[in-house]
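Survey of secondary and tertiary structure
In case you want the letters, here they are:
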Amino acid sequence: MVADQHRFTLTGIASSPGIVSGRAVVLTEKPVEVNPEKIKPENVEKEIANFTYAIARLKKDLEKQASNIGERLGAEYARLFEAQAMIVDDQVINGKVIELIRKECQTAAYIYYNQVQQVIDQLSKSNDAYLRERVLDISSVRNRLIEILQGAKKAFVKDIEGPIVVIARYLNPGDLLGFSLKRKVGFALGLGGVTSHTSLLAKSLNLPTVVGFGLDVDRVKSGDRVILDAYSGRLLVNPDVKTVNFYRDRQSLSAELTRKFQQECHKPAVTKDRHRIRILNNIELPSEASRVIYSGADGIGLFRTEYLFLRDTAFPNCEKQFRIYRQILEKMGNKPVVIRTFDLGGDKFVGSTGKAVDPNPFLGWRAIRFCLDRPDIFKDQLKALLRASFYGNLEIMLPMISNFEELSATKQLIKECREELAADKIKTKPDIPLGIMIEIPSAALIANHLAKEADFFSLGTNDLVQYTLAVDRTNEMLGHLYQTYHPAVLQLIEKTINSGHRYKRKVAICGEMGADPYGIILLVGLGIDELSVNFQSTGLVKSIVRQIDFRRAKLIAKACCKKSTAKEVEDLLDAKIEEYWPKLVPVIKFIKGINHAG
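Residues numbered from 1 in each chain as written. Predicted model: local features only at pLDDT ≥ 70, side-chain atom pairs only at ≥ 80, totals over all residues. Heavy atoms only, no water.

A short note on the sheet that holds strand E13 (residues 434-438)
In spatial order, the strands read E9-E10-E11-E12-E13-E14-E15-E16; together these 8 strands close into a barrel with parallel pairing. Going from strand to strand, the sheet's axes swing by 30 degrees on average, the running direction of each strand aside. Inspection of the sheet shows strand E14 (residues 456-459) paired to strand E15 (residues 506-509) by 4 bridges, in the parallel sense. Counterpart to Phe 457 in the pairing with E15 is Val 507. Packed on one face of the sheet, helix H13 (residues 404-423) meets strand E12 (393-398) and E13 and runs near 150 degrees to E13. Contacts from helix H17 (residues 487-502) reach E13, E14 and E15, with the element oriented near 165 degrees to E14. (Pairing = 2+ DSSP bridges. Helix = DSSP H or I, 4+ residues; strand = E, 2+ residues; numbered from the N terminus. Axes fitted to C-alpha atoms, helices over the stretch in contact; angles between N-to-C directions. Contact = heavy atoms within 4.5 Å.)

Quick look at the structure:
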């Protein structure tokens with residue numbers, strides 16, 4: 001029997017849904033320690049040879065992982081490991097290490113650690129969340145190399161039988177992919193937000209994940225019996241028999257709901273009073289287009305082109321981008337494909353040609369601001385999109401528009417791109433819808449003016465909540481203040497939809513709110529035309545839309561916009577759902593984790 005003092009529950013942020021019951025595998029137990037150690041002059045060349053061998057071995061291991069991942073999941077996923085292999089093979093750092101081994105007669109481990117630490121210290125000065133991810137990526141590679149140099153042997157996951165939950169302060173996307181080959185695995189992470197690259201990738205791979213536990217993950221020990229509830233955001237450590245039985249039933253219900261949602265995914269999303277909502281999917285990688293078709297979605301509502309930086313920090317040229325966009329469009333046929341232009345900065349990498357340090361990246365040089373300041377880069381992307389448009393139903397979307405001038409300037413650049421392509425005898429499709437993301441309050445407030453020039457709107461609720469409430473969505477300490485259903489947010493959404501419809505523009509949503517049961521009901525009631533969600537959520541969204549009626553949803557949404565707090569909004573939703581659609585109550589309680597043990 002486990003002692004009560006070692007039985008506890010941690011609460012984080014549900015990132016990718018699912019339940020895993022098994023043993024904990026902790027990756028945060030002991031940091032790498034490297035102390036200065038002199039070597040004899042006659043052993044210098046041997047030390048250099050050992051260092052060269054370690055580099056070659058780790059590079060080979062990473063390339064093998066890339067090959068295995070590529071065969072199972074596709075080339076785009078393999079690039080994450082190829083990127084780590086490139087870090088290992090950095091000739092500048094490695095050459096400096098060899099030089100210093102000869103000069104200082106210190107061990108390769110000590111010198112390599114210090115050289116890489118200088119790079120980490122420089123990158124750590126940035127507040128950019130993506131650069132923080134790169135720091136951890138580099139640190140992970142460094143630690144693996146030092147373990148080889150020191151001959152350290154680690155306990156491998158294969159030593160633990162059955163399902164596992166990986167416990168770590170942080171996992172970069174490459175590490176997550178490495179574990180994803182396990183049949184049953186979940187992830188409990190100290191850092192990260194629901195829209196971090198690692199979280200989005202976990203959703204893409206159907207890997208149950210909870211983030212934002214903070215330093216509490218250090219309380220968990222390898223081998224602990226754990227239950228990860230990635231619906232409600234809980235990690236139960238050494239649960240009692242009652243809790244284990246509760247979650248056994250909960251897993252059965254999860255399987256039942258999954259089957260139900262799969263049955264719904266190929267049906268139209270039509271309310272009981274015949275109001276149609278189009279359901280599209282958000283994707284990270286080109287290979288996911290096939291999964292969109294399988295999911296039953298009406299198209300792609302958001303392709304995040306930042307994926308192009310998974311391997312290269314340099315900006316991809318026009319030809320490379322053209323091939324990728326064409327591949328997606330051809331795969332989707334006549335279904336709409338909304339491709340968002342580069343959204344770099346903030347929680348995304350700004351690229352090697354951008355600024356390494358931005359004092360406030362979420363409010364700084366990112367997205368459309370960066371692109372308009374670098375027309376050479378932006379025009380390459382726009383030309384690639386214009387060329388690819390012939391191969392499918394393309395719509396172009398601009399991120400982080402905050403004023404009318406940014407939209408006008410982009411339209412002028414598109415005109416220039418068309419003229420330059422025409423001069424090279426390259427034809428372009430004449431009518432390509434150009435839309436904008438509404439994710440900044442200023443854009444929502446002038447949506448009536450923007451609708452005159454934009455062909456469609458797409459609400460980016462993740463950032464809209466962040467900017468409206470002045471809450472960093474990647475900061476786990478502020479999780480309680482990140483309130484999706486704050487009345488101020490709802491009023492901005494309502495204004496945006498009304499403004500778009502006034503000019504007969506479609507209004508979509510591509511944020512996390514679109515896959516939340518409360519959000520679905522509110523957005524339908526506010527008059528949204530399209531919901532773009534992760535493809536795993538297609539069946540859930542369609543199921544909820546098909547069980548509600550538009551007339552009552554409008555009444556609920558109107559009343560919620562008049563409330564003064566997010567709690568009042570959620571209380572009203574709970575009451576009205578129970579009154580109007582009682583069959584939805586157990587489903588919503590399950591998904592939101594309202595009924596729980598422990």
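Observations regarding the sheet that holds strand E8 (residues 234-237)
Within the open sheet, the 8 strands sit side by side as E1-E8-E7-E3-E4-E5-E6-E2. Their pairing is mixed. Each edge of the open sheet carries a strand with a single partner, namely strand E1 (8-11) and strand E2 (13-16). Each strand axis lies, on average, 30 degrees off the axis of its neighbour in the sheet, ignoring direction. Sitting on the sheet, helix H8 (residues 241-264) touches strand E3 (19-26), strand E7 (225-229) and E8, and the angle it makes with E7 is about 40 degrees.

Description of the environment of Glu 264
Tracing the backbone shows Glu 264 in helix H8. Classification of Glu 264 by relative accessible area gives buried; the value is 14%. Excluding residues within four positions of it along the chain, Glu 264 makes contact with Gly 539, Lys 542, Ser 543 and Arg 546. (Buried < 20%, exposed > 50% of the residue type's maximum accessible area, 1.4 Å probe, protein only.)

A short note on the packing of H17 against helix H18 (residues 517-526)
Relative to each other, H17 and H18 sit at 40 degrees, their axes nearing to 10 Å. As summarised for this structure, H17 and H18 are arranged oblique, according to the angle between their axes. As for how H17 packs across H18, the hand of that crossing is right-handed. Contacts between H17 and H18 involve Leu 490, Ile 493, Glu 494 and Ile 497 from the former and Leu 522, Leu 523 and Leu 526 from the latter. Residue classes in the contact of H17 with H18 are distributed as 6 nonpolar, no polar and 1 charged. (Parallel < 35°, antiparallel > 145°, perpendicular 65-115°, else oblique. Left-handed = near helix turned anticlockwise from the far one by under 90°. Nonpolar A, V, L, I, M, F, W, Y, C, P; charged D, E, K, R; others polar.)

Considerations on helix H20 (residues 550-560)
Within H20, burial applies to Phe 550, Ala 553, Ile 556, Ala 557 and Cys 560. The buried residues of H20 occupy an angular sector of 120 degrees when the element is viewed end-on, so they sit on one face. Against H17, H18 and helix H21 (566-580) lie the buried residues of H20. (Arc of directions from axis to C-beta.)

Concerning the pairing of E15
Regular strands show a simple pattern: their side chains alternate between the two faces of the sheet. Bridge count for E15 against strand E16 (residues 530-534) is 2 bridges, and the pairing is parallel. Across the sheet, the residue bridging to Ile 509 is Leu 531, located in E16. With H18 bridging E15 and the parallel E16, this β-α-β connection has right-handed handedness. (Right-handed = clockwise from strand over helix to strand, strands pointing away.)

These figures capture arrangement, not role.
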